[in-house]
Amino acid sequence: MNKNDLIIRVAGEGGEGIISTGDFITQACARAGLEVYTFKTFPAEIKGGYAMYQTRASAAPLFNQGDTFDILCAFNGEAYDLNRSRLRPGTAFVYDGPGGDFEPDVPEGVHAYAIPMTQTARQLGSIKAKNMVALGALSQLFSIPEQPLREIIAAKFTKKGTTVLESNLNAFTRGRELAAALPKTDPWKMEASAQKRDVVVLSGNDAIGLGALIAGLDFFAAYPITPATEIARYVARHLPKRGGTLIQAEDEIASLAQVLGASFAGKKAMTATSGPGLALMGEMLGMSFMSETPCVVVDVQRGGPSTGLPTKHEQSDLFMAIHGSHGDCGRIVLSVEGVSDCIALTVEAFNLAEKYQCPVLLLSDGSLAFSTQTVPYPEPADYPIVARKSWDGKGDYQRYVITDDYISPMAAPGTPGGMHIATGLEHDQNGEPNYTGANHEAMQAKRFRKLDTVVNDVAPVEVDGEGNADIGIIAWGSTIGVVREAIARLRADGHSVKGFYPKLLWPMPVEQYEAFAATCGKIMLPEVNYLGQLAHFIRAETSLRPVSYTICGGLPFTPAMIVGKTKEMLS
Ligand code: COA
């Protein structure tokens, strides 16, 4: 039996090359014309601890990591213990043995293949190559094409020297031979797609970097933090080629301050961080709003509070993203569903920041940050770019003049006649500090009222389904992809379900929420945080009373969980 939606999980210890192995499988699947959607989880330590990489490959579009694996490859006893409960009849199980650190009691009906990964790597003189023995075995057992894998291995290890490359290729070959000597009893096989498509495989973090470059990024400053650092690494590789500047600042406060300085000077500027860094940026977000200086702040959410679970998935920064600062401080908050969104909504974030001259926060999450997915080859010309309203040089310049749309023209420093002060102090229309109550009221109204039209400028939500439904599911961030699949399954079972996927989280598209609710019997809102943060805002801003379904175990939802909860609510 072939299956057109196959999930392979590789698990072991951080430092054993689990991530590389999963990456290689993913690239080979993509080269075979398949859609891929990956999920990785690894420890906060550089070496040691449980690391896992799951590749889902299919000829059909994929929106999430799936429920559970069809094939498990365990490098050690811990990986086996943590996954044993998911070894159901029919699953294929490849493990390190004999000579590994465990002897599995394989559950009935599971197709087990013992491959002496550690022993073989030792015999070949390189324990590092254990993962390539495993990869060779997986390639042989499940028809993951050999030649592309050899090319991918060469592309990764050539820079580490000929000895490393050769020992890895030998280990890969040996792994194939060991597996070929075993009788294949399971049904799983990777089926290449006949259809060749113009796609790229990108991680969420890289896609945000790419989106920023498409938007016209000139300046990037950040302080490294898991799981956001790869955005800076991507930008560092590409921004200097076109004359842009990247600075690793001394901390997150400085990085946003530098971004605001660059933006004041007329440059498109952004920073990227995670929860603890965003917490430090509160004051500078206020500065951006008060001085009407555009900026894009990416927050790749991770488990919190405090240093929390640095490498784990959570959607728990929404309270801080929407209101984190002092005083009444406005902003726009967007959130991404998948890698395509990471490109498109990053461009959108810049467009909105430039148009509305305010901070725009883009929320991603730990699962999406490292998830690699196939996306159509992005053509920069397909993304409309919006420029800030600039001063025409006529008359006396007033930086904060109150206009019909409350957006004031900006003059870059050095523009003749356009000299002005941009300050965090309350100021009048000229930019001069002014603390009178009447002025503060007028200027606050100006800064907030310009945001009234944001909802009309973006596609704030996507509604999945028409007419009335027994149940409506609202989801945000990468949970949307999970809900899409759950809804498809529920409909296939004859249930009446609709989905509502807001990409603009703030300001809230209240009318759209109300219109959706009017067509649904009950509303459910799954989110990966303890408090039900979006549900809280919905209760505060709309008449909806969604049933919150929250988890915070460091992992995303699966479609099966959403299906189960929906059926429970329906009954
Ligand atoms: N031969 C030679 N080198 C190999 C190899 C092989 N067969 N297989 C893997 N490697 C190399 C990889 O190339 C990589 O080196 P590189 O970074 O120079 O490319 C290294 O070994 C690690 O392998 P990799 O597959 O990338 O990861 P892993 O599965 O062994 O797991 C991590 C290690 C990634 C989980 C761990 O190092 C890590 O980064 N943890 C997270 C730390 C963190 O962010 N903490 C939070 C702080 S707040």
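Note that this is a predicted model, so its numbers are computed, not measured.

A. Region of interest: the packing of aromatic side chains. One pass over the full model with this rule turns up 13 aromatic pairs. Among the aromatic side chains, those forming a connected cluster through ring pairs are Y80, F93, Y95 and F102. The ring of F63 is capped by R484, whose NZ or CZ atom sits 5.6 Å from the centre of that ring. Across from the ring centre of Y549, 5.3 Å away, lies the NZ or CZ of K565, which sits over that ring.

B. Quick peek at the site of the ligand. If you check the shell around the ligand, you find 22 residues, and the closest are G15, G17, I18, S20 and N168. For the ligand, an oxygen atom lies 2.9 Å from a polar atom in the side chain of T226. Starting from 960 Å² of accessible surface for the ligand in isolation, the protein chains cover 70%. When residues of the shell around the ligand are traced back to their parent elements, those giving at least two are α1 (18-31), α5 (146-157) and α6 (162-180). Top contributing element to the shell around the ligand by residue count: α1, with three residues. Class assignment for the residues of the shell around the ligand results in ten nonpolar, seven polar and five charged.

C. Spatial organisation of the domain arrangement of the chain. Taken domain by domain, the chain comprises domain 1 (6-180), domain 2 (201-382) and domain 3 (459-570). Each of domain 1 and domain 2 has a C-alpha centre, and the two are 33 Å apart. The partner domain 2 presents eleven residues to the 15 residues of domain 1 that form the contact. A combined buried area of about 1100 Å² lies between domain 1 and domain 2, and 51% of that area is made up of carbon and sulfur atoms. On the domain 1 side of the interface with domain 2, the three residues burying the most area are Y37, K40 and F42, jointly 38% of the side's total. Put simply, domain 1 and domain 2 have zero salt bridges between them.

D. Broad picture of the sheet that holds strand β11 (residues 295-301). On the basis of which strands lie adjacent, the open sheet formed by seven strands has the order β9-β8-β10-β11-β13-β12-β18 and mixed pairing. The strands lining the two open edges of the sheet, one partner per strand, are β9 (245-248) and β18 (504-506). Shown here is a sheet whose adjacent strand axes are inclined to one another by a mean of 20 degrees, direction ignored. The sheet contacts of helix α11 (residues 282-291) involve β11 and β13 (359-365), and relative to β13 the element is tilted by about 140 degrees.

E. The arrangement of the packing of α5 against α6 in detail. Two elements in contact, α5 and α6, have axes separated by 9 Å at closest approach and are oriented at 155 degrees. Comparing their axes, α6 and α5 come out roughly antiparallel. α5 and α6 meet at a crossing whose hand is right-handed. Facing E146, L149, R150, I153, A154 and F157 of α5, the residues of α6 in contact are V164, L165, N168, L169, F172, T173 and R176. By residue class, the composition of the contact of α5 with α6 is eight nonpolar, two polar and three charged.

F. Representation of the packing of helix α4 (residues 130-142) against α5. Direction vectors running N to C along α4 and α5 enclose 160 degrees, while the axes themselves pass 11 Å from each other. Regarding the angle of α4 to α5, the classification is roughly antiparallel. Pair α4 / α5 crosses with right-handed handedness. Here M132, L135 and S139 of α4 come into contact with α5, specifically with E146, L149, I153 and F157.

G. Here's a closer look at the nonpolar core. Of all hydrophobic cores here, the largest spans 96 residues; its most connected members are V94, L138, F220, M270, V298 and I332. Here this core takes ten residues from helix α13 (residues 339-356), the largest share from any one element. Counting only domains with at least three residues in this core, you end up with domain 1 (6-180) and domain 2 (201-382). The residues touching F220, leaving out its near neighbours within four places in the chain, are I231, A232, V235, L239, T245, L246, I247, M270, T271 and A272. One finds L260, L361, Y513 and C520 within the second-largest nonpolar core, a separate group that totals 37 residues.

Scoring rules and cut-offs
Residues numbered from 1 in each chain as written. Predicted model: local features only at pLDDT ≥ 70, side-chain atom pairs only at ≥ 80, totals over all residues. Heavy atoms only, no water. Phe/Tyr/Trp six-rings, centres within 6.5 Å; stacked < 30°, edge-to-face > 60°. Lys NZ or Arg CZ within 6 Å of the ring centre and 35° of its normal. Near = heavy atom within 4 Å. Polar contact = N/O pair within 3.5 Å; in protein donor to acceptor, adjacent residues only side chain to side chain. Areas by Shrake-Rupley, 256 points an atom, 1.4 Å probe, with all protein chains shown as cover. Helix = DSSP H or I, 4+ residues; strand = E, 2+ residues; numbered from the N terminus. Nonpolar A, V, L, I, M, F, W, Y, C, P; charged D, E, K, R; others polar. Domains from an automatic or database assignment. Contact = heavy atoms within 4.5 Å. Buried area = accessible area lost by both parts, 1.4 Å probe. Salt bridge = Lys/Arg side-chain N within 4 Å of Asp/Glu carboxyl O. Pairing = 2+ DSSP bridges. Axes fitted to C-alpha atoms, helices over the stretch in contact; angles between N-to-C directions. Parallel < 35°, antiparallel > 145°, perpendicular 65-115°, else oblique. Left-handed = near helix turned anticlockwise from the far one by under 90°. Core = buried A, V, L, I, M, F, W, Y, C linked by side-chain atoms within 4.5 Å. Buried < 20%, exposed > 50% of the residue type's maximum accessible area, 1.4 Å probe, protein only.

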